[in-house]
Amino acid sequence: MSMRGRLATVIGLFLVAVALAGWGVVSFIRPGVPGGVMDFTQGHAAGQPVDLTAQTVGAIGFGPHPTWVSYLVKDPSTGKWVQDTTWKLPANSVIDMTILQYDSGSPLRNQEWGQVQGTIGGTATLNGTSYSAYNSNTGTGVGHTFTVPALGLSVPLIGVNSSDSVCGSAPCMTSSPHNTITFSFKTPGPGSYSWQCFVPCGLGYLFGNGGPMSTLNYMGGQLEVVQ
Amino acid sequence: MANENSTNETHHLRNITVIWLILSVIVDLLFWFLVGPHVPPGTMTSSAKGNQFDFTFLCLMALPVLIGVWVYMGYAIRIWSAKRPGAEEPMTGPNARTNKTAQVSWIVITSVAVLFLAGFGTVELVISQGSGGGEGPNPIWTPPGATKAEAAALTPKASWSANSNQVLTVQVIAQQWKFTYRYPQFGGFETTQLVLPANTNIAFNVTSLDVIHSFWAYQLDVKADANPQQNDVAFTQTKQLGSFTVRCSELCGIWHGTMFNSGKVVSEAAFMSWAQSTEQANAQNTADLPPFAWTYVPDANGAAGGYYTDGNVTPYSTVEIYGSKQSAP
């Protein structure tokens, strides 16, 4: 091959490598789906609790990553399920939270997250029964947690029986097997507080903490607490 | 002519030395008394206090060097300026390059300084039991009673009491993206809060359940890498009551920036009260925790923890699976 040909080959390969690296970086930092902010402050009267309903599904079923596990939240104004994990909440208010858990469970990597922490009364309810800790090595295990580290809030979401016909894509309806977990917590003063699931549920990723665990609008998000 | 030059050089050297000496003493004294007490990381622990002294001492050594450069520069500009009437011609050329006194002095002074600093650093590291840094699973420098306390921590009968000069063992467990803490001398309960008694030697045993993290308690001057399946031990002695901040100092994923919490150093009595009440409150969950161990293998049995990038499922392990007590299939 002539010197000119070699040079062209080397430059061409270099440009391809640069393009691939750039594509990889952009793909890595790009959020899975365009996310908005679910506003729970609209029409909220001071001193009144806020109802917040969410669900967890084993596979979102749509978008760029249909097989990824995800949270969804019910839009308080339309009642529709939305894949948003940034929630605007009023400060110093009680949040009555209901999570419909449609995913199956397993033993926790760290049983510390089997403990209900930071809720009002230090408990949550599972299908109407109060609990303060759940041994993930028994029963149907823990599917996910709802944890806000900065608030010391963490609630294990007990999984459904994996032998049942688990809902395969979102949004799941209550006709599918699910557990209803309820708890209340009080928001602090204004600020931004991240929340996440502490079950490494990113299937196919190292230690289970990549993919949906590392992408906004899946298994983690922000509580934007405003005055 | 040669004698005249030599006399002038001696004269200049004496002037510069006197100015440098006076300024160095003044600046060092000002630094010692005005800045020294505020040098980070403070005096909350023995290692913090030790590091504060080290930083201050190094500054006290560096300042005269800085002042020496500035004094020489100022003197040269003032005295040897070509614009100055009657300015002397600077001595250059072979005379400057072959001045043995200058060369030997330079080599001796810099060699002594470097060797002294190496010795100083080593001594400071030894006498402060590692200066708050992670020493790995088999620390060389340990406070009195640490080996005994660490061995006892692995037994169910481990205990700790106030005013007993016992070393308190605290296990730091890192996971994406939160630190949790186990207290083996109080039944092995685990909590998200880090509370320590004052005037106590603390043995931090740092490990990780997933990727590499780093436990950095800034005001305590404790910093130790948290590696999966490794126990990294760091020591310090608490001195003052107050709050401190814990951060992960190893980029560990998307929520790395949120991986922090605050801790407290409280009186020994207050610590006992907190530890006993937390042990009681967490009893139900503590019963579900695995036996206390220095390291834990990340679970390979569910919750996607067992699925790795190669698509294979890591086989079950019968031991040390954190949060899992069931037998292997």
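All values derive from a computational prediction rather than experimental measurement.

Trainee: Describe the overall build of chain B, listing the residues and the values that go with them.
Mentor: Helix and strand counts for chain B come out as seven helices and ten strands. Looking at chain B as a whole, 42% of its 329 residues qualify as buried. Counted over contacts in chain B with a minimum sequence separation of 6, partners at least 24 positions apart contribute 67%. Here chain B has roughly 17300 Å² of accessible surface; of this, 63% comes from carbon and sulfur atoms.

Trainee: Run through empty space enclosed by the protein, naming residues and quoting values.
Mentor: Within this structure, the stated rule accounts for two cavities of 30 Å³ or more. Estimates place the volume of the largest cavity at around 70 Å³. Lining the largest cavity are A:Arg109, A:Asn110, A:Trp113, A:Phe198, A:Pro200, A:Asn209, B:Gln175, B:Gln176, B:Leu209 and B:Asp210. Its residues assigned to classes, the lining of the largest cavity comprises four nonpolar, four polar and two charged. Quantified by volume, the second largest cavity comes out at close to 50 Å³.

Trainee: Which residues make up the pairing of strand β2 (residues 50–57) of chain A, and what values go with them?
Mentor: Residue and element names in this part refer to chain A. The buried fraction of β2 is high, at six of eight residues. Of the pairings in the sheet, the one linking β2 to strand β3 (residues 70–74) comprises four bridges and is antiparallel in character. The residue bridging Val57 from the neighbouring strand is Ser70, located in β3.

Trainee: Quick rundown of unusual backbone geometry? Include the residues and the values.
Mentor: Here the residue pair B:Pro40 and B:Pro41 is connected by a cis peptide bond, since its omega of 10° sits within 30 degrees of zero. Checked against the element boundaries, B:Pro41 lands in the loop between α1 (2–35) and α2 (46–79). Between B:Gln176 and the following residue, B:Trp177, the backbone shows a cis peptide bond with an omega angle of 5°. On the secondary structure map, B:Trp177 appears in the loop between β1 (168–175) and β2 (178–183). At A:Asn92, a position not held by glycine, the phi torsion is positive, near 50°. Relative to the helices and strands, A:Asn92 resides in the loop between β5 (86–90) and β6 (94–101). By relative accessible area, A:Asn92 is classed as partly exposed at 46%. The backbone of B:Ser131 sits at a positive phi, close to 55°, despite the residue not being glycine. On the secondary structure map, B:Ser131 appears in the loop between α4 (100–127) and α5 (146–153). In this structure B:Ser131 comes out as buried when scored by relative accessible area, which is 16%.

Trainee: Provide a residue-level description of the sheet that holds strand β7 (residues 222–226) of chain B, including the pertinent values.
Mentor: Residues and elements named next belong to chain B. Reading across the sheet, the five strands line up as β4-β10-β9-β6-β7 and stay open at both edges, with mixed pairing between neighbours. The strands lining the two open edges of the sheet, one partner per strand, are β4 (194–197) and β7. Between one strand axis and the next, the sheet turns through 20° on average, direction left out of account. Bridge count between strand β9 (residues 242–248) and strand β10 (residues 260–266): six bridges; the pairing is antiparallel. Bridge pairing in β10 links Thr245 to Ser262. Against the sheet, helix α6 (residues 268–281) touches β4 and β10, its axis set at about 140° to β4.

Trainee: Give me a nonpolar patch on the surface: which residues, what numbers.
Mentor: Residues and elements named next belong to chain B. Residues Val18, Leu21, Ile22, Val25, Ile26, Leu29, Leu30, Trp32, Phe33, Leu34, Val35 and Phe53 make up a contiguous nonpolar surface patch of roughly 1100 Å² in combined accessible area. With eleven residues, the single largest contributor to the nonpolar patch is α1. Within the secondary structure layout, Val25 lies in helix α1.

Trainee: Residues and numbers for α5(B), please.
Mentor: Residue and element names in this part refer to chain B. Of the residues making up α5, those classed as buried are Ala146, Ala149, Glu150 and Ala153. Along α5, the residues classed as buried sweep out an arc of 100° about the axis, all on the same side. Of the exposed residues in α5, the ones pointing more than 90 degrees away from its buried face are Thr147 and Lys148. As for α5, its buried residues are in contact with β1, β5 (201–208) and β8 (232–237).

Trainee: With reference to specific residues and values, describe the sheet that holds strand β7 (residues 124–126) of chain A.
Mentor: Hydrogen bonds between backbone groups are what pair the strands of a sheet, and the pairing can be parallel or antiparallel. Read across the open sheet, the seven strands follow the order β4-β3-β2-β6-β11-β7-β8 (chain A); overall the sheet is mixed. Each edge of the open sheet is held by one strand with a lone partner, namely β4 (81–82) and β8 (129–131) of chain A.

Trainee: With reference to specific residues and values, describe the side chain of A:Gln101.
Mentor: Residues and elements named next belong to chain A. As for its position among the elements, Gln101 is in strand β6. At 2.3 Å, the side chain of Gln101 forms a polar contact with the side chain of Thr56. At 3.1 Å, the side chain of Gln101 and the backbone oxygen of Asp103 are in polar contact. With near-sequence residues (within four places) excluded, Gln101 lies in contact with Thr56, Gly143, His144, Leu157, Ile158, Gly159, Val160, Pro177, His178, Asn179 and Ile181.

Trainee: Go over the pairing of β5(B), please, and point to the residues and values.
Mentor: Residue and element names in this part refer to chain B. A large share of β5 lies buried, amounting to eight of its eight residues. Along β5, one buried face is formed by Asn201, Ala203, Asn205 and Thr207 and the opposite face, lined by Ile202, Phe204, Val206 and Ser208, is buried too. Here six bridges tie β5 to β8, and the two strands are oriented antiparallel to one another. Paired with Asn205 across the two strands is Val233, which belongs to β8.

Trainee: Describe the interface of chain B and chain A, listing the residues and the values that go with them.
Mentor: For an interface, size is often stated in terms of accessible area lost upon the parts coming together. Across the boundary between the two partners, chain B contributes 36 residues, which contact 39 residues of chain A. Our count for the contact surface shared by chain B and chain A stands at zero salt bridges. Viewed at the interface, chain A and chain B are joined by eight residue pairs in polar contact (both at pLDDT 80 or more). Among the secondary structure elements, those contributing two or more residues to the side of chain B that touches chain A are β1, β2, β3 (189–191) and α7 (283–288) of chain B. The element that contributes the greatest number of residues to the side of chain B that touches chain A is α7(B), accounting for three residues. Looking at the side of chain B that touches chain A, its residues break down into 14 nonpolar, 16 polar and six charged.

Trainee: Describe the confidence of the model for chain A, listing the residues and the values that go with them.
Mentor: Here chain A averages 88 in pLDDT, and 96% of its residues register 70 or above. Overall, residues 29–34 of chain A carries pLDDT values under 50, and its contacts beyond four positions in sequence, including any with other chains, amount to ten contacts.

Trainee: Requested: an account of the packing of α2(B) against α4(B), with residues and values cited.
Mentor: Packed helix pairs are characterised by how far apart their axes lie and by the angle those axes make with each other. All names here are of chain B. Viewed as axis vectors pointing N to C, α2 and α4 meet at an angle of 170°, and their least axial separation amounts to 11 Å. Between α2 and α4, the angle is such that the two are roughly antiparallel. Of the residues in α4, those in contact with Gly50, Phe53, Asp54, Phe57, Leu58 and Met61 of α2 are Phe116, Leu117, Phe120 and Glu124. Grouping the constituent residues of the contact of α2 with α4 by class yields seven nonpolar, one polar and two charged.

Conventions used here
- Residues numbered from 1 in each chain as written.
- Chains lettered and ligands numbered in written order.
- Predicted model: local features only at pLDDT ≥ 70, side-chain atom pairs only at ≥ 80, totals over all residues.
- Heavy atoms only, no water.
- Helix = DSSP H or I, 4+ residues; strand = E, 2+ residues; numbered from the N terminus.
- Buried < 20%, exposed > 50% of the residue type's maximum accessible area, 1.4 Å probe, protein only.
- Contact = heavy atoms within 4.5 Å.
- Areas by Shrake-Rupley, 256 points an atom, 1.4 Å probe, with all protein chains shown as cover.
- 1 Å grid on protein atoms, 1.4 Å probe; cavity = no way out; pocket = protein on both sides within 12 Å on 5 of 7 lines; lining within 4 Å.
- Points joined across faces, edges and corners; volume = space filled by probe spheres on them.
- Nonpolar A, V, L, I, M, F, W, Y, C, P; charged D, E, K, R; others polar.
- Pairing = 2+ DSSP bridges.
- Axes fitted to C-alpha atoms, helices over the stretch in contact; angles between N-to-C directions.
- Patch = residues over 30% accessible without salt bridge, like charges linked within 9 Å, V, L, I, M, F, W, Y side chains within 5 Å.
- Salt bridge = Lys/Arg side-chain N within 4 Å of Asp/Glu carboxyl O.
- Arc of directions from axis to C-beta.
- Polar contact = N/O pair within 3.5 Å; in protein donor to acceptor, adjacent residues only side chain to side chain.
- pLDDT = per-residue confidence, 0-100.
- Parallel < 35°, antiparallel > 145°, perpendicular 65-115°, else oblique.

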